[in-house]
Each structure stands twice: as structure tokens, then as C-alpha cells.
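Here's the letter readout for the chains.
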Amino acid sequence: MSDEALTALLLSLRVALLATAVASVSGVACARLLTRAHFPGKDTLEAVLLLPLVLPPTVVGFGLLLFLGRNGPLAWVFPGQILFTWWSAVIASAVVAFPLMYQNAKAAFESVDINQERAARTLGAGEVRVFFTVSLPLAWPGIMAGLVLAFARALGEFGATLMVAGNIPGKTQTAPMAIYFAVEAGDYGTAVPLVVIVLLFSFAVIFWLNWWSRNRVARHALRRRG
Amino acid sequence: MSMLEVDFQKKLPDFILTARFAVREGEILVLSGPSGSGKTTILECLAGLQKPDRGYINLRGKMLFNKTKRINLPPHKRGIGFIFQAYALFEHMTVKDNILYGAARVNGRKKREQILREVLELLGISHLQDRYPAQLSGGEKQRVALARALVSEPALLLLDEPLSALDRNLRERLRGELKQLHRQWGIPFVLVTHCRCEEELADMVLRPVASINEKGEQAICFSM
């Protein structure tokens, strides 16, 4: 495998990991806050949060171009130029991965037995302790599933990333982009190893997740009996 | 002297619920009525899991809830134990960790371990301490729930249909144990049931009285 392909692969991994971290913290936080809160405009807010899941990636990319550009509303958050650096690839991946994390985490929190959380409160636990010792561990299988899906989505991000980060070999070129441009140039020698590695890696992740959740279900199969 | 004084109202979808009673030191009050009469709501209001619309709740002279003074202590500051109908044991923790959850305020590992040993012995569940809730029978779950509540040293214990999930033989036995535990513990219990079988525990039984108020609304009142 060429150095360029390896660099693209490593960058993909780094971008996907960081994007997953951002999406998971914000996704879990939003899910928790919205699970048992009721306020006017909640439906609208939820629709907005899920939007990146259904929008074409190019539309997300265009929105991010406007947002992250020099005159965009978020320009003050990031010092200097952020477009066409690998950080903007992280942002694009995080934005498209967020809805997967949010949705899974929300379903997971909703399935937690509310009386176990209440029992914790009557035993003297404040909200923070209830969250970390009861809600989060009980919601963990669903959050884990969201984490893996978000990571897979971030790893495969193409459209939005191309628009905001470009395809600069060694700087912003991720594996999906290296594959696309290699195939376009007829350079199968670069494309095929990348395709095989991404395929094997993705397979291993999904295989492991299924195995893990089945084992976990088996371990606690008796739990819901009462 | 009354230890718990309650006088509040809460509007529910079908009726207005009123609770007006006092419980003395070491008494067991049983609220007995059909399901849907608001008994569980009363317990949840006492514990701070729900909020009444009007009135007050005082425990040992401390105001837990007072509408006019805008006081509403959160559940973790009330010092009230709650035995849920399905026990609500933490399903991802062993019996030991379940029980120790309520002892977080106790400083020092040794002291916590000692408290754990004592309560396990008191309830006769020492052999269960490494099991998960899924591996327990109904009666065992109830003992663990009682142990867990006991360790947090509540000033009042609320029990939601504590015996109705159990079969008859077990019910008889656990009723006796509950009575004995109450004597040792020395705090008042408020117990909710739809079954006469639990009334034998009571020092005092309150039943719901239904009426129509001046505005023509349905009202249900548990009152002394």
C-alpha cells in the first residue's frame, strides 16, 4: 500500500474517532435532556436535530460552508481558517453522525425503568449521581449501538467532507476520498487495498457489536422477569 | 406528637385528590382502596416524586412541601424511603451494591461494610449478596428492597403494595417480618394497598371517600 493511501486511512480513523467523540457527548446530552422534558417547540427541535440524517450530504456540506466560512456565524468560535483543514472534516462527520447517536441514546433512555431512577433519588442520590450510576449504565447497550453506528457513518462520510475539507492528499484526504479519486483515475492498485481494509474493518466492528449485545442480553435475560 | 402531617390536593386527569392525615411516631398507616383511587400518587407526593397543587407536607417539624411558602424539597433531600411495587432494584448491580447505594453518605469503607453485614443478617439475606436482582424470587427482592431502604436511614418508609405481588404463603410470612422490622426500626410506615390482607398491619386504615365538589368536579379524599 502506498504512503498516500496509508495516510488517508490513518486520517480517516482519526477524523472518525474525534467526530464520534463529539457526536456521542452531544448526542447523549441532548437525548437525556429531551427524553423527559416537555416544552413548546420540542417537536420542531427534534426534527432539526435529526435533519442531517435525511438531508443529502451535499446540502449539509453547503450549510457548513456558510456556517464555517470567514463571514459565517460560527467564525468567531474557531480562530483562523477552518475550512479545508482536517478539522472541518471532523465537524462534517460529527454533524452527520450526531442524529444516529441521538436517536439511539434517546430510545435507550426511554427504555430505562423510571422507578429505578426514582429509587436512586429516594436513596439520597442527586441528579448527577442518578445519571452516572443508574440511567447511563442501564441505557448502555443502546448507547453502544449508537456509538458504533455513528462511528461507521463518520468513517464513511464523503459528500459533506469533500465540500468543506476538500481532497488535499496528506492533509484532508480521507480513505473514502482516496478510493473515489483513485478509481476515477483508473488507479486500482491504490483503491483495492483501501477497499479491502475498510471492508474488513467495518465487518469486524459490526460482528463484534452483534456478539457483544447478544452476550449481554444472554447475561441479563432473566432480569425483566419481575 | 405527630411525626408526619399531610394536607394537600392534587388535580389528576379524572378527579381531584385530597390527602389529609397525620401519622405518629412508630405508627403504620394503611391507605386502602381500589386501584385508580390515587393511593400511589399520595406516596409519590410524599416522596417528592410528584408535586401537589396545594397544601403542605411536614415531617418531624421539617417542611418538605409548602405551596404558599414555595417549598418543595427534591426526593434526595427528604430522607424518605420508598419500596416500589415491583421493588425497582438496580438490575445492573449485585444485591450488595444495591444495598450499599443508600450508604454513600457513610464515611469509611469499614463502616459501610459493617452496616452491610448487619442489615444482611437482620433480613436473613447474607447468602444472596453477590446475586443480581434477576436471580432473586419475589420475596427475596422485597427483602433486598427493604435492606436498601433501611441503610439510607429514612425518617419515614413508604410501601406501595408490598405484599400483593407475592403468593399467599409467602405473604403471610412477609407480613409478620414486616411487622417485626417495623418494631425494630421504630419509624412510621405509610403503606398503600388494594387488598384487605395488608390491613392487618395497620394502626390506622384510611379509605377513599368520593364526592362531587361545589364546581361539580369528581373528588376523592383520604382523610382522618
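Definitions and cut-offs
- Residues numbered from 1 in each chain as written.
- Chains lettered and ligands numbered in written order.
- Predicted model: local features only at pLDDT ≥ 70, side-chain atom pairs only at ≥ 80, totals over all residues.
- Heavy atoms only, no water.
- Phe/Tyr/Trp six-rings, centres within 6.5 Å; stacked < 30°, edge-to-face > 60°.
- Buried < 20%, exposed > 50% of the residue type's maximum accessible area, 1.4 Å probe, protein only.
- Helix = DSSP H or I, 4+ residues; strand = E, 2+ residues; numbered from the N terminus.
- Pairing = 2+ DSSP bridges.
- Core = buried A, V, L, I, M, F, W, Y, C linked by side-chain atoms within 4.5 Å.
- Contact = heavy atoms within 4.5 Å.
- Axes fitted to C-alpha atoms, helices over the stretch in contact; angles between N-to-C directions.

**Let's talk about the packing of aromatic side chains**
Applying the stated criterion across every chain yields a total of 12 aromatic pairs over all chains. Centre to centre, the rings of B:Trp185 and B:Phe189 are 5.9 Å apart; their planes meet at 90°, and the pair counts as edge-to-face. In terms of burial, B:Trp185 and B:Phe189 fall into one category: buried. Through a chain of ring-to-ring contacts, the aromatic side chains of A:Phe109, A:Phe131 and A:Phe132 assemble into a single cluster.

**A short note on the pairing of strand E3 (residues 28-32) of chain B**
Residue and element names in this part refer to chain B. Extensive coverage of E3 is indicated by the burial of five of its five residues. Residues of E3 alternate between two faces, with Ile28, Val30 and Ser32 on one and Leu29 and Leu31 on the opposite face, all of them buried. One ladder, built from five bridges, connects E3 with strand E9 (residues 189-193); its direction is parallel. Among the inter-strand pairings, Val30 is bridged to a residue of E9, identified as Leu191. As defined by bridge partners, E3 adjoins strand E10 (residues 204-206) across three bridges and the pair is classed as parallel. Considered in E10, the bridge of Leu29 is made with Met204.

**What to know about the nonpolar core**
Residues and elements named next belong to chain B. Counting 74 residues, the largest nonpolar core has Leu4, Phe21 and Leu46 as its most contacted members. Excluding residues that lie within four positions of it along the chain, Leu4 makes contacts with Phe21, Ala22, Val23, Leu46, Ile57, Asn58, Leu59, Leu156 and Val190. By size, the runner-up hydrophobic cluster in this structure holds 37 residues, among which are Val119, Leu136, Leu159 and Leu170.

**Here's the deal with the sheet that holds strand E2 (residues 16-24) of chain B**
Residues and elements named next belong to chain B. Strand order in this open sheet of seven strands is E6-E5-E4-E1-E2-E12-E11, and the pairing throughout is mixed. One side of each edge strand has no neighbouring strand; the edge strands of this open sheet are strand E6 (71-72) and strand E11 (209-212). Packed onto the sheet, helix H1 (residues 39-47) meets strand E1 (2-11), E2, strand E4 (54-59), strand E5 (62-66) and strand E12 (218-223) and runs at close to 120° relative to E1.

**Quick notes on the pairing of E4(B)**
All names here are of chain B. With six bridges joining them, E1 and E4 adopt antiparallel strand pairing. When the bridges of E4 are listed, Val6 appears paired with Ile57. Note that E4 and E5 share four bridges and pair antiparallel. Its bridge partner being in E5, Leu59 is matched across the sheet by Lys62. Taking the residues between adjacent antiparallel strands as the criterion, E4 and E5 are bridged by two residues, where Arg60 takes a positive phi near 50°.

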